[in-house]
Protein chains: 2
Amino acid sequence: MLDLIRTLAVENTTKIVLLSLDGLGGLPRPETGRSEMESARLPNLSALASASACGLLRHVAPGITPGSGPGHLGLFGYDPLAFQVGRGVLEALGIEFDLRAGDLAARGNFCTIDAAGLITDRRAGRIATDVCVRLTERLRTIRLPGVEVLVEPVKEHRFVLVLRGPGLAGGLSETDPQALGKAPLPVRALSSAANHTAELVNAFIIEARKRLADAAPANMILLRGFDQLPELPRFPEVYAMRAAAIAAYPMYRGLAKLVGMDVLKTGGTFADEIATLREHWAAYDFFFVHYKDTDKAGEDGDFDAKVQALERFDTFIPAIREMGADVIVVSGDHATPSVLAAHGWQPVPVLVWSRYCGADPVTAFTERACASGTLGLLPAHHLMPLIMANALRLTKFGA
Amino acid sequence: MLDLIRTLAVENTTKIVLLSLDGLGGLPRPETGRSEMESARLPNLSALASASACGLLRHVAPGITPGSGPGHLGLFGYDPLAFQVGRGVLEALGIEFDLRAGDLAARGNFCTIDAAGLITDRRAGRIATDVCVRLTERLRTIRLPGVEVLVEPVKEHRFVLVLRGPGLAGGLSETDPQALGKAPLPVRALSSAANHTAELVNAFIIEARKRLADAAPANMILLRGFDQLPELPRFPEVYAMRAAAIAAYPMYRGLAKLVGMDVLKTGGTFADEIATLREHWAAYDFFFVHYKDTDKAGEDGDFDAKVQALERFDTFIPAIREMGADVIVVSGDHATPSVLAAHGWQPVPVLVWSRYCGADPVTAFTERACASGTLGLLPAHHLMPLIMANALRLTKFGA
């Protein structure tokens, strides 16, 4: 499909704003029977939905809960099942680590082992982040033949390991036996191309155990999600657009960078993001703007906070509309229902506003209302072609 | 899917009429908020829709605007992404050129080059069609070794080039550099199978330049869309039906012929087409009947003319129903919204009437009403199996 789009994409002067509310969709609260979106007062989104074509996005497949990686790849038009990004790479993107082509990245946990070398705590009692920082400094002193060893703390017991050098390959088994009372596993190469990499990683693990011997509870490490940067078709080339990403959180900046968008410097609030949008309005054709608060509240299981996050977002809609975009799209990367306090598998509401979006009966931006919109239930990676069409940036297929 | 249908198709005495309104779907006019279909008085179509199952057809994919070729292949049950027909072939079909298996067809433009051989007008100032006719006569005098050279004028600066002979292959790059101030490109073979063909075409181009040297502004040619007739499964065999096409315009006759339908001789008006339908009623099981006026008005951006074209079509419905078909289907090959003045990507309304079509709440034949029909949003190439089922011409799948 991306190959088809690439052949049909044409340039135009139209401008597109894609607003992604992280964890947008929700579920009804049992007491009221109304979801977060149905409970919030969203006058600006309702007005926009009334003038838009509405529907629901499914990012992966029925019943599949997307992580942030697949969720955003879907929004960007990449089938998340065809373009998979390993956990190590996502973790590195999440701390805005400058991962390069050929680097091998893994997600690391500090853990606790007993005198026999058996795991007694897979997360080392969730050590404080500053302890994690000190211990990753020890791991950085490890030397391996022919490759550079890079170790970055993340949060609490989590870190990222990156090996940089020639001949590295992904496709290694994980070292976490996923059970207490067992020893960490050595990694195994899942194909012969990864044999050399497996040797290097196993050497790293042996050295790490030595350097952490006196650091209980964080006296050992577990590694998983070994992967390299995937080669993704570049968004600006596929769609023939100058594309910019505006996101306060590193993970989303990383995902946008992964597909080749320009990542704009912005502040920590959504007001900062909108100011950034206004500043760079002339320089780009396409803007991806990320709003985090909805997901955060949902993950915390805080229904009221999610309602408030939605209402706060709603107040920015007039300012966004005033900039004069030709196409405005509002959706999200996955649902985060407060009653689940986690990502959910539910389809995510979407609205597409343009001069050519067509008549649609939906007058409210909610899960239930969007279910009867004219866009129907759409694979998320089909949204970008639809956006491009509304921006008059696709020529016809066949004569 | 066609292979499956072929194994399930059974004969019956039921009759099917598929009415294709070219460019059927539209968009609301901003002044009224109502589309062409919503503005037109369509009492007969409304009555038919009330007794039908309704829905929307999507011919290619969300956001993709179908050309007439993919649009009709979809209606005939062929996935337009799996069965692609090159521009040269479509252009030849469009003038009802007798293209044969193995022929190589290309779309040609006369263009203007300066003394240095650089393009100054990619369409030669859109020369009059009679000039085009005279210049194609010059090109017909070109001789190439081992193949016949056929050149046919189309309209204004457009012509069709066909090479006929053994060993020809499609898969050549186009010669249009898509920019002024550049020289026309030689064709390149996109695979080694096309090397010989590329040599022949390049020899033709050199000769064409000589023969057109004094014919400014049409003193050079550009060629693209090189392709051969695709081998499509034959419609009458796949569906086990005697199938006839009734269309006043050559392009649609050509597309029907491409899939193996009998193309019936008819006059230039829709009344002529309906008379042809009545005449041949006994001889066929399936009739594809094409109505062009809706597309023409939409392409002209003439909202009122499209409304009138719909209303004119509506008056023929009683006569069609009187013939006693078992299944009547009304849809189109793509949308042509008047506000776009071009083909659009919007899904196209469809109604399927038969004794077995099922209860459906839709009582008007419009984009918005059909969006809540029981057929839902259907890939166009899934319509034919549905039609066959309604005609009791498909046996069950699995015991």
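All of these numbers come straight from a predicted model, not from anything done at the bench. (Residues numbered from 1 in each chain as written. Chains lettered and ligands numbered in written order. Predicted model: local features only at pLDDT ≥ 70, side-chain atom pairs only at ≥ 80, totals over all residues. Heavy atoms only, no water.)

Asker: Explain the pattern of salt bridges here, please?
Answerer: Proximity of charged atoms lets side chains of opposite charge pair with each other. All names here are of chain A. The final tally for this structure, using the stated rule, is 40 salt bridges over all chains. For the salt bridge of Asp130 with Arg134, the shortest nitrogen-to-oxygen distance reads 3.8 Å. One end of the pair is Asp130 and the other is Arg134, both in helix H6 (residues 129-139) and four residues apart, which spans about a single turn. On the basis of relative accessibility, which here comes to 47%, the residue Asp130 falls in the partly exposed class. (Salt bridge = Lys/Arg side-chain N within 4 Å of Asp/Glu carboxyl O. Helix = DSSP H or I, 4+ residues; strand = E, 2+ residues; numbered from the N terminus. Buried < 20%, exposed > 50% of the residue type's maximum accessible area, 1.4 Å probe, protein only.)

Asker: What is the right way to read the interface of chain A and chain B from this model?
Answerer: Often, the extent of an interface is quoted as the loss of accessible area on bringing the components together. Counting residues at the interface gives 23 residues for chain A and 27 residues for chain B. Between chain A and chain B, a total of about 1900 Å² is buried, with carbon and sulfur atoms accounting for 76% of that surface. The largest share of the area that chain A buries against chain B comes from Tyr356, Phe397 and Ala399 of chain A, three residues that together contribute 37% of it. Between chain A and chain B we count zero salt bridges in total. Counting the contacts that link chain A with chain B gives two residue pairs in polar contact (both at pLDDT 80 or more). At the level of secondary structure, the elements contributing two or more residues to the side of chain A that touches chain B comprise helix H1 (2-8) and helix H15 (383-390) of chain A. Top element by residues in the side of chain A that touches chain B is H15 of chain A. It accounts for four residues. Partitioned by chemical class, the residues of the side of chain A that touches chain B number 16 nonpolar, five polar and two charged. (Contact = heavy atoms within 4.5 Å. Buried area = accessible area lost by both parts, 1.4 Å probe. Polar contact = N/O pair within 3.5 Å; in protein donor to acceptor, adjacent residues only side chain to side chain. Nonpolar A, V, L, I, M, F, W, Y, C, P; charged D, E, K, R; others polar.)

Asker: Mind showing me how you'd approach the environment of Val162 of chain A here?
Answerer: Residues and elements named next belong to chain A. Within the secondary structure, Val162 sits in strand E6 (residues 158-164). Given the relative accessible area of 1%, Val162 is considered buried. In contact with Val162, other than residues within four places in its own chain, are Phe97, Leu99, Asp103, Leu104, Ala105, Glu148, Val149 and Leu150.

Asker: Is there a simple way to think about a nonpolar patch on the surface in this case?
Answerer: Residue and element names in this part refer to chain A. A grouping of Val339, Leu340 and Trp345 is seen on the molecular surface, where their side chains present a nonpolar patch of about 270 Å² in accessible area. Considering the arrangement of structural elements, one finds Trp345 in the loop between strand E11 (327-331) and strand E12 (348-353). On the basis of relative accessibility, which here comes to 44%, the residue Trp345 falls in the partly exposed class. (Patch = residues over 30% accessible without salt bridge, like charges linked within 9 Å, V, L, I, M, F, W, Y side chains within 5 Å. Areas by Shrake-Rupley, 256 points an atom, 1.4 Å probe, with all protein chains shown as cover.)

Asker: Where do I start with the side chain of His59 of chain B in this structure?
Answerer: All names here are of chain B. Tracing the backbone through its elements, the reader meets His59 in the loop between strand E2 (53-58) and helix H4 (68-75). You can call His59 buried: its relative accessible area is 3%. A distance of 2.9 Å separates the side chain of His59 from the backbone oxygen of Gly332, its partner in a polar contact. At 3.3 Å, the side chain of His59 and the backbone oxygen of Asp333 are in polar contact. Dropping the residues within four chain positions of it, His59 is found in contact with Pro66, Gly71, Leu75, Pro80, Gly332, Asp333, His334, Val348 and Ala380.

Asker: What am I meant to see in the packing of helix H4 (residues 68-75) of chain A against helix H9 (residues 250-258) of chain A here?
Answerer: The description of two packed helices rests on the angle between their axes and on the distance between the axes. Residues and elements named next belong to chain A. Contact pair H4 / H9: the axes reach a minimum separation of 10 Å and the direction vectors enclose 45°. In terms of orientation, H4 and H9 fall into the oblique class. Crossing of H4 against H9: the hand is right-handed. Counting all contacts with H4, which are made through Ser68, Gly69 and His72, the residues of H9 involved are Met251, Tyr252 and Leu255. (Axes fitted to C-alpha atoms, helices over the stretch in contact; angles between N-to-C directions. Parallel < 35°, antiparallel > 145°, perpendicular 65-115°, else oblique. Left-handed = near helix turned anticlockwise from the far one by under 90°.)

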